[in-house]
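Residue-level structural notes
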Amino acid sequence: MPTLLVIDDDPEVLYSVERSLRGPNLRVLSAATAQEGIAQVRQQRPNAVILDVRLPDMSGLEAVDRIRAIDPQLPIVMITAFATTETAIEAIKRGAFEYMLKPVELQQLRDVVAQAVELSRLRHVPAVFEEEAADEMADRIVGRSPAMQAVYKAIGRVAPLDVTVLVLGESGTGKELVARALFHHGRRCHGPFLALNCAAIPEPLLESELFGHERGAFTGADRRRIGKFEQADHGTLLLDEIGDMSPPTQAKLLRLLQEQRFDRLGGNETVESDVRVIAATNQNLEAAVAAGRFRQDLYYRLRGYTIQLPSLREHLEDLPLLVEHFVACFNRELGKFVRGVSPATLAALAGHDWPGNVRELQNVLRHALIHAPGDTLTPDLLPNDLFHGPRESPPPSLDVGRLVQNLLRDGTPDVYRRVCLEVDRVVLEAALQHSRGNQVLASELLGMSRNTLRAKLRSLGLVLQKQLLPESERDDQILPSEPPGTGGGEPEKTPAQAVQRS
């Protein structure tokens, strides 16, 4: 559970903040002096801090320095009843996440604290490649397909370089994860990391969020605001959905990327900022440039290096790995003990076109685990809208003629053997799907011995693990256990798993 530390010498403020923010998803600690708060930062490792500017033993600005010496990534929200422009600017320069005036509106404080806690997660929880040894709570980028291997190589090439990166991909493909991997593997990993969704902020406010504003710049601007580019100085800023940015804001962003300087909204002072920009979008920016919706010069400036993420449809061979990963994650999150998915469930997932990509797969599997009564995910646990017709698993299919033509056209050797292997794969997967993983029934349907079935599965790189069946349908109820040495060299796998390609 995330932890918030409130450091303020006013008991009423401590009581009000603690009562308003504490809940089932947030633990709130308090301290009345800077020294006590610094000690709690060292011992408790909170996810965010609310810090008063005026404290009895030292100034809030000095406390910021002491806290950041312990944890430079910890978001600090400063509050004060004695506001000055110089204090606000100095607080942000020293690394504060936000600066607020007393009396603080509680809803606004809740929103800022939620942003700070999420920022702490983005900064502290690494986004790592699947093969990397990391904490089990790390956000992993999963996939071993050629398409995902190309993404890993691209991240490895550009992460250490201080260049602008453009991440392209459909919604739900993991663009934020890639941006975080670039940050954690880059030179600026000890600096701030901020993310801003350009499509989620109303256009009149987006420029203020990015560049800040002066007091009186527009109606409601009652004080100076420090924008994301100042907050992320010497760090990294992710501009998500940059294709939704308006032309005036595009022009100002272009100047910043070219000169590393900008003006706050309504101000004349030029501010310098050293920020690495990672831009992401699900739009076709080339088409947007052609249509006049996106500046061509900005597009070329953002394309310091481009990483194209594949849709889930383009690397479905990673589906079993993704399912295994998310089932393990949701087991921890939901307190479940699901050990696997049935072959029919995996086939149903493979038959979906996944317009929402990996994010949609996450939601589907979370839904299934919430409703799972046992240790196996079966098709009836999947959301109804995942199926476009009767709730039946789509059978594997193969266009043999097209496969032969493609192999011949590409000059592939051993065409006959390769086609036979693919036919075997489709036939065996269909039989196992129909039999719900029952090896005896599948071998009877195919007209081959159980040992031959297992040998073919091994030669095709398929791993058979049975679904949990009713007792009357289990293999040991149909045939007695095989004597040692007759099982094709492999012991029976544990139930409640899936047919997966290794």
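Our structure is the block above this text.
Numbering of residues starts from 1 in every chain and runs along the sequence as written. A pLDDT threshold of at least 70 governs which residues receive local features in this predicted model, and a stricter bar of 80 or more applies before side-chain atom pairs are shown or counted, although totals over entire chains, interfaces and linings include all residues. Values shown for side chains rest on all heavy atoms present in the structure; no hydrogens or waters enter the calculation.

Here we come to the pattern of salt bridges. Note on definitions: salt bridges are taken to be side-chain nitrogens of Lys or Arg within 4 Å of carboxyl oxygens of Asp or Glu. Per the stated rule, a full pass over the model turns up 23 salt bridges. Measuring nitrogen to oxygen at the nearest pair gives 3.1 Å for the salt bridge that ties Glu214 to Arg264. A residue pair is termed long-range when its members are at least 10 positions apart, and Glu214 in the loop between helix 8 (203–211) and helix 9 (228–231) and Arg264 in the loop between strand 11 (261–263) and strand 12 (270–272) qualify at 50 residues. Here Lys456 ties to Asp424 by a salt bridge, and the two come within 3.3 Å at their closest N and O atoms. Of the two residues, Lys456 is situated in helix 19 (residues 450–459) and Asp424 in helix 17 (residues 415–434); the sequence distance between them amounts to 32 residues. What makes Lys456 partly exposed here is its relative accessible area of 27%. When salt bridges that share partners are traced, they join Glu98, Glu209, Arg225 and Lys228 into one network. What counts as a helix is a DSSP run of H or I of at least four residues, what counts as a strand is a run of E of at least two, and both are numbered from the N terminus. Each residue's exposure class comes from its accessible area (1.4 Å probe, protein chains only) as a fraction of the maximum for that residue type: buried when under 20%, exposed when over 50%, partly exposed otherwise.

All axes here are fitted lines through C-alpha atoms, helices being fitted over the stretch that makes contact, and every angle between N-to-C directions spans 0 to 180 degrees. The interhelical angle for the contact between helix 5 (residues 106–124) and helix 7 (residues 175–184), taken along N-to-C directions, is 60°, at an axis separation of 9 Å. Here helix 5 is positioned oblique relative to helix 7, judged by the angle of their axes. Side by side, helix 5 and helix 7 meet where Arg121, Leu122 and Arg123 of the first sit next to Glu176, Arg180, Phe183 and His184 of the second. Classification convention: Asp, Glu, Lys, Arg as charged; Ala, Val, Leu, Ile, Met, Phe, Trp, Tyr, Cys, Pro as nonpolar; all other residues, Gly among them, as polar. Partitioned by chemical class, the residues of the contact of helix 5 with helix 7 number two nonpolar, one polar and four charged. Working definition: roughly parallel below 35 degrees, roughly antiparallel above 145 degrees, roughly perpendicular at 65 to 115 degrees, and oblique for all remaining angles. Contacts were defined at the residue level, with two residues in contact if any of their heavy atoms lie within 4.5 Å.

Once that is clear, we can look at the pairing of strand 1 (residues 3–7). For strand 1, the tally of buried residues reaches five of five residues, placing the bulk of the element in the interior. Paired strands, as defined in this entry, are two strands with at least two bridges between them according to DSSP. Sheet topology places strand 1 next to strand 2 (residues 27–31); five bridges connect them, and they run parallel. Bridged to Leu5 within strand 2 is Leu29. Look down the strands so they point away from you; if going from the first strand over the helix to the second traces a clockwise path, that crossover is right-handed. A crossover connection joins strand 1 to the parallel strand 2 through helix 1 (residues 11–21); in handedness this β-α-β unit is right-handed. Relative to strand 3 (residues 48–52), strand 1 runs parallel, the two being bridged by four bridges. Within strand 3, the residue paired with Leu4 across the bridge is Ala48.

We now examine the side chain of Asn331. Note on placement: Asn331 falls in helix 13 (residues 319–334). A residue is classified by how much of its surface remains accessible, and Asn331, at 13% relative accessible area, is buried. Residue contacts for Asn331: discarding those within four places in its chain leaves Lys336, Phe337, Val338 and Leu369.

Turning our eyes to something else, we now look at the sheet that holds strand 1. Spatial strand order, 2-1-3-4-5: five strands in an open sheet with parallel pairing. Single-partner strands in this sheet number two, and they are strand 2 and strand 5 (98–101). Between one strand axis and the next, the sheet turns by 20° as a mean value, whatever way the strands run. In this fold helix 1 packs onto strand 1, strand 2, strand 3 and strand 4 (76–80), with an angle of close to 175° to the strand it touches most, strand 2.

Nine residue types can take part in a nonpolar core, namely buried Ala, Val, Leu, Ile, Met, Phe, Trp, Tyr and Cys, and a core is a set of them joined through side-chain atoms within 4.5 Å. Counting residues in hydrophobic clusters, the biggest one holds 51 residues, and the most contacted among them are Leu4, Leu21, Ile50, Phe229 and Leu239. In terms of residue count, the dominant contributor to this core is helix 5 (six residues). The contact partners of Leu21, leaving out residues within four places of it in the chain, are Leu4, Leu26, Val28, Ile50, Leu109, Arg110 and Val113.

As a further point, take the environment of Ala442. With respect to the helices, strands and loops of the structure, Ala442 is situated in helix 18 (residues 439–446). When its relative accessible area of 0% is taken as the criterion, Ala442 is described as buried.

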